[in-house]
Amino acid sequence: MRKLIETIKNIFKIEELRKRLLYTLGLVLIYRLGSFVVLPGINPEALGQLQNTVGGNGLLGLLDIFSGGAFSNASIFALGIMPYITASIIIQLLGIIVPYFQKLQKEGESGRRKLNQWTRYLTIIVLVVQIPAYLATLHSQLPPAAFVLGTKSVLFMISSAVVLVAGTLFVMWLGEKITDKGIGNGVSLIIMVGIIARLPHAFLAEINSRFTGPTGGLVMLVVEIAILFLIFAATIALVQAVRKIPVQYAKRIVGNKQYGGVRQYIPLKINAAGVMPIIFAQALMFFPLILQRFEFTRSLGTTLGNTMGFWYNFTFAILVIAFTYVYTAITINTTSMADDMKRNGGFIPGIKPGKKTAEYMDNVMTRITLPGSIFLAIVAILPVFAMMLGINNQFAYFYGGTSLLILVGVILDTLKQIESYLLNRHYDGLMKNGRIQGRS
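Let me sum up the structure you'll find in this document. Quantities reported herein were computed from a predicted structural model and do not represent experimental measurements.

A count of helices and strands for the chain gives 18 helices and five strands. Considering only residue pairs separated by 6 or more positions, the chain has 69% of its internal contacts joining residues 24 or more positions apart. Here the chain displays about 23,600 Å² of accessible surface, and carbon together with sulfur accounts for 65% of that area.

We now examine the packing of helix α14 (residues 310-331) against helix α16 (residues 355-388). Between α14 and α16, the shortest axis-to-axis distance is 8 Å and the interhelical angle comes to 145°. By crossing handedness, the relation of α14 to α16 is classed as right-handed. Here α14 contributes Asn313, Phe316, Ala317, Val320, Ile321, Thr324, Tyr325 and Thr328 to the contact with α16, which in turn contributes Met365, Thr366, Thr369, Leu370, Ser373, Ile374, Leu376, Ala377, Ala380, Ile381 and Val384.

A few words on the side chain of Asn271. Looking at the secondary structure, you find Asn271 in the loop between β4 (263-269) and α11 (276-284). Not counting chain neighbours up to four residues away, the residues in contact with Asn271 comprise Leu238 and Leu376.

Glancing now at the nonpolar core. One finds Ile81, Phe316 and Val320 to be the most contacted residues of the largest nonpolar core, which totals 58 residues. The greatest single-element share of this core, amounting to eight residues, is contributed by helix α9 (residues 186-211). For Val320, the residues in contact, after removing those within four places along its chain, are Pro277, Ile278, Ala281, Ser373, Leu376, Ala377 and Ala380. In this structure, Leu47, Leu79, Leu127 and Ile131 belong to the second largest nonpolar core, which totals 19 residues.

One pass over the structure, following the stated rule, counts 13 aromatic pairs. Considering the side-chain rings of Trp311 and Phe314, the 5.9 Å spacing of their centres and the 90° angle between planes classify their relative orientation as edge-to-face. Linking Trp311 with Phe314, this pair stays in helix α14, spanning three residues, or about one helical turn. Aromatic pair Tyr312 and Phe316: ring centres 6.1 Å apart, planes at 45°, arrangement tilted.

Summed over all chains, the structure comprises four salt bridges. Salt-bridge contacts for Arg20 lead to Glu16; the nearest nitrogen and oxygen are separated by 3.5 Å. A residue pair is termed a helical-turn pair when its members lie 3 or 4 positions apart in one helix, as Arg20 and Glu16 do in helix α2 (residues 15-34) at four residues. Among the ionic pairs, Glu176 bridges to Arg120, the shortest N-O distance being 3.1 Å. Here Glu176, found in helix α8 (residues 154-181), pairs with Arg120, found in helix α7 (residues 109-141); they are 56 residues apart in sequence, far enough to count as distant.

We now examine helix α5 (residues 82-97). Spanning 16 residues, α5 covers 23 Å between terminal C-alpha atoms, matching the ideal 22 Å at 1.5 Å per step. Of all the positions in α5, only Pro83, Tyr84, Ile85, Ala87, Ile89, Ile91 and Gly95 are classed as buried.

Below, the discussion takes up α8. Here α8 spans 40 Å end to end across 28 residues, near enough to the 40 Å set by a 1.5 Å rise per residue. Taken residue by residue, α8 has Phe156, Ser160, Leu164, Gly167, Thr168, Val171, Met172, Leu174, Gly175 and Ile178 as its buried positions. The opening residue of α8 is Ser153, an N-cap whose side-chain oxygen sits 3.4 Å from the backbone nitrogen of Leu155.

Take the packing of helix α15 (residues 334-343) against α16 next. Packing of α15 against α16 leaves a shortest axis separation of 8 Å and a crossing angle of 135°. Considering their axes alone, α15 and α16 lie oblique with respect to each other. In this structure, α15 crosses over α16, and the sense of that crossing is right-handed. Within the contact between the two elements, α15 uses Thr334, Thr335, Met337, Ala338 and Met341 and α16 uses Thr357, Ala358, Met361 and Asp362. For the contact of α15 with α16, a count of residues per class yields five nonpolar, three polar and one charged.

Moving on: a nonpolar patch on the surface. Nonpolar side chains collect at one region of the surface, where Leu93, Ile96, Ile97, Val326 and Ile330 lie side by side and expose about 400 Å² of accessible area between them. Residue assignment for the nonpolar patch shows that the elements contributing at least two residues are α5 and α14. By the secondary structure assignment, Val326 is in helix α14.

Tracing the backbone shows Val148 in the loop between α7 and α8. In sequence terms Val148 and Pro40 are 108 residues apart; their C-alpha atoms lie 8.8 Å from each other. Not counting the four nearest positions on each side in its chain, Val148 is found in contact with Gly41, Ile42 and Asn43.

What follows covers the side chain of Thr414. By the secondary structure assignment, Thr414 is in helix α18 (residues 401-424). Not counting residues up to four positions away in its chain, the partners in contact with Thr414 are Ile183, Gly184 and Leu189.

What follows deals with the environment of Arg243. With respect to the helices, strands and loops of the structure, Arg243 is situated in strand β1 (residues 242-249). For the pair Arg243 and Ile368, spaced 125 residues apart in the sequence, the C-alpha separation amounts to 7.7 Å. Not counting residues up to four positions away in its chain, the partners in contact with Arg243 are Ile266, Pro267, Leu268, Tyr360, Val364 and Ile368.

Analysis parameters
Residues numbered from 1 in each chain as written. Predicted model: local features only at pLDDT ≥ 70, side-chain atom pairs only at ≥ 80, totals over all residues. Heavy atoms only, no water. Helix = DSSP H or I, 4+ residues; strand = E, 2+ residues; numbered from the N terminus. Contact = heavy atoms within 4.5 Å. Areas by Shrake-Rupley, 256 points an atom, 1.4 Å probe, with all protein chains shown as cover. Axes fitted to C-alpha atoms, helices over the stretch in contact; angles between N-to-C directions. Left-handed = near helix turned anticlockwise from the far one by under 90°. Core = buried A, V, L, I, M, F, W, Y, C linked by side-chain atoms within 4.5 Å. Buried < 20%, exposed > 50% of the residue type's maximum accessible area, 1.4 Å probe, protein only. Phe/Tyr/Trp six-rings, centres within 6.5 Å; stacked < 30°, edge-to-face > 60°. Salt bridge = Lys/Arg side-chain N within 4 Å of Asp/Glu carboxyl O. Expected span 1.5 Å × (residues − 1). Polar contact = N/O pair within 3.5 Å; in protein donor to acceptor, adjacent residues only side chain to side chain. Parallel < 35°, antiparallel > 145°, perpendicular 65-115°, else oblique. Nonpolar A, V, L, I, M, F, W, Y, C, P; charged D, E, K, R; others polar. Patch = residues over 30% accessible without salt bridge, like charges linked within 9 Å, V, L, I, M, F, W, Y side chains within 5 Å.

Next up, the structure:
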């Protein structure tokens, strides 16, 4: 405990780090306050039905978690940062298949600025698609008395659309400012804050359910917390796990100095795809909802659409494994890595430079991705097992899925940045033994 207090004191002794932390906390506070500002034209007292519906719906409940409750509050930040995330994913995929975006990715800082500009434009297009759907959800879930200007008011539709666009763009601006002048990745922090904001409510709901019936009481609650701790520890191990490939560089003597001749390592992450496979798989698992609309596919749609059923979770897990391989193959270009290594005089001991090196690294990636993808699939379906064991639906979301991976990834990234400031000022790091490693 004394070590922790001393570390916190050291953090606030560093002026730059102190300013960045306070700046980040200030912008996060603005975001959280905006999450409770209801759209103009809606009576806040009539939002109970929407909140109950969102809490029991898989897709809407997930969106509400990512927005920190702003979705069910009909807030000006209701759509949150997710349209920007969607646009970023699309731009990233275009960078793989479209030569123009591939060229921008290789242009350094100027290319990054152009890609950011394209992402902002695409965010507005995504908003144009999502806003009518959100307003339709409000009209279908809220009673007519909730709309002050009337349910078919054109003024309400136009003003709400403008406010929602402005709200998402403002949240996007907050994220960029946190990245530039604060600590950590701003967009990721905003998502994490939204997830954590739901944790106290979910935990209180779980406590209430344990003490209001014959469900195990305090003993079961302690067991649940212990299991959650073990899941967090295992997820941290997955996120940080790497396979180090040794690389030897040839010696070069220029004048009186020797260059190269040292052994380094290429850290290949076991889970190089991060949270993306779960996001893609979850998007495809909403397809059965479309099948339920047709008579001849209704039975299949009902079977695959049952989130507590075997076939839903089995299909979900298989899709996560498949997307992990696909996304890893897209993001990790072993041929390019082998060419760069050969160009700089590097080689893997016992492996010929060039094509053989690329094949060796590809084989290593294929082997280490298998256990990583299986563990990722288990993490993805853990919330369902938690619900089956009697854990409250809201609290069960923290036992796995995108929420858990985002929390772990963002916290590790932020702690790594803070530790780098401490070590640069010759203070001890956040951990007594070792350092936060494995993040690239």
